[in-house]
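Each chain, letter by letter, is given below.
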Amino acid sequence: MKILDVDLARLAYLETRFDGRVTTLRSSPQTVAASVRDADLVIGSVLIPGASAPKLVTDEMVAAMSPGSVLVDIAIDQGGCFEGSHPTTHDDPTFAVHNSIYYCVANMPGAVPRTSTIALTNATMSYVVALAGKGKLALVQDEALAKGLNVDAGRVVNGAVAAAHGLAPVS
């Protein structure tokens, strides 16, 4: 198994966490192309908060893959990170590109709504409680919460969100 990322600290952590059972590589166009060519399964999971995912796997790369290979685009909710991706549904989840199968279901957690709701609630409840109890003061006291602010008083304040909608961010 190979894991590609641009965050070298994260790659070092994963090397340690999996005790060398995974190969970690710094993501670049060359390492992506070589890794995709040799893979039976590619899982793309790119997230740039507030922005569309970059297309990291090209149609040309997919054409070089072995027949029957599978690509799962976790980033489909942000436009997808594979050039050939388009959103699919749980009822009709796959389609072929060249000799490969794509799985690009938007809102993948929707397949397990109870479990995904519990997980989301566990991850976000402390932020909801902080906002409910402190209002905007919570944003001043918690840097992570402040980084999640997209709109304030009707103005888009997050640069990536503004760019995605063709707007200028307001400071």
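Here the structure is shown first, and the text comes after it.
Small disclaimer: the values here were computed from a predicted structure and weren't measured.

**Considerations on helix H2 (residues 29–38)**
Residues three or four positions apart in an α-helix share a direction because the helix packs 3.6 residues into each turn. Listed as buried for H2 are Val32, Ser35 and Val36. What you see down the axis of H2 is that its buried residues fit within an arc of 100°, all on one side. Opposite the packed face of H2, turned more than 90 degrees from it, sit the exposed residues Gln30 and Asp38. Next to the buried residues of H2 lie strand S1 (2–5), strand S2 (23–26), strand S3 (41–44) and helix H3 (59–63).

**Considerations on the sheet that holds strand S4 (residues 70–73)**
In spatial order, the strands read S3-S4-S6-S5; together these four strands make up an open sheet with mixed pairing. Both edges of this open sheet fall to S3 and strand S5 (94–97), since each of them pairs with a single strand only. When strand polarity is set aside, the average angle formed by the axes of neighbouring strands in this sheet is 20°. Here three bridges tie S4 to strand S6 (residues 100–103), and the two strands are oriented parallel to one another. Residue Val72 lies in a different strand from S6, and its bridge partner there is Tyr103.

Analysis parameters
Residues numbered from 1 in each chain as written. Predicted model: local features only at pLDDT ≥ 70, side-chain atom pairs only at ≥ 80, totals over all residues. Heavy atoms only, no water. Buried < 20%, exposed > 50% of the residue type's maximum accessible area, 1.4 Å probe, protein only. Helix = DSSP H or I, 4+ residues; strand = E, 2+ residues; numbered from the N terminus. Arc of directions from axis to C-beta. Contact = heavy atoms within 4.5 Å. Pairing = 2+ DSSP bridges. Axes fitted to C-alpha atoms, helices over the stretch in contact; angles between N-to-C directions.

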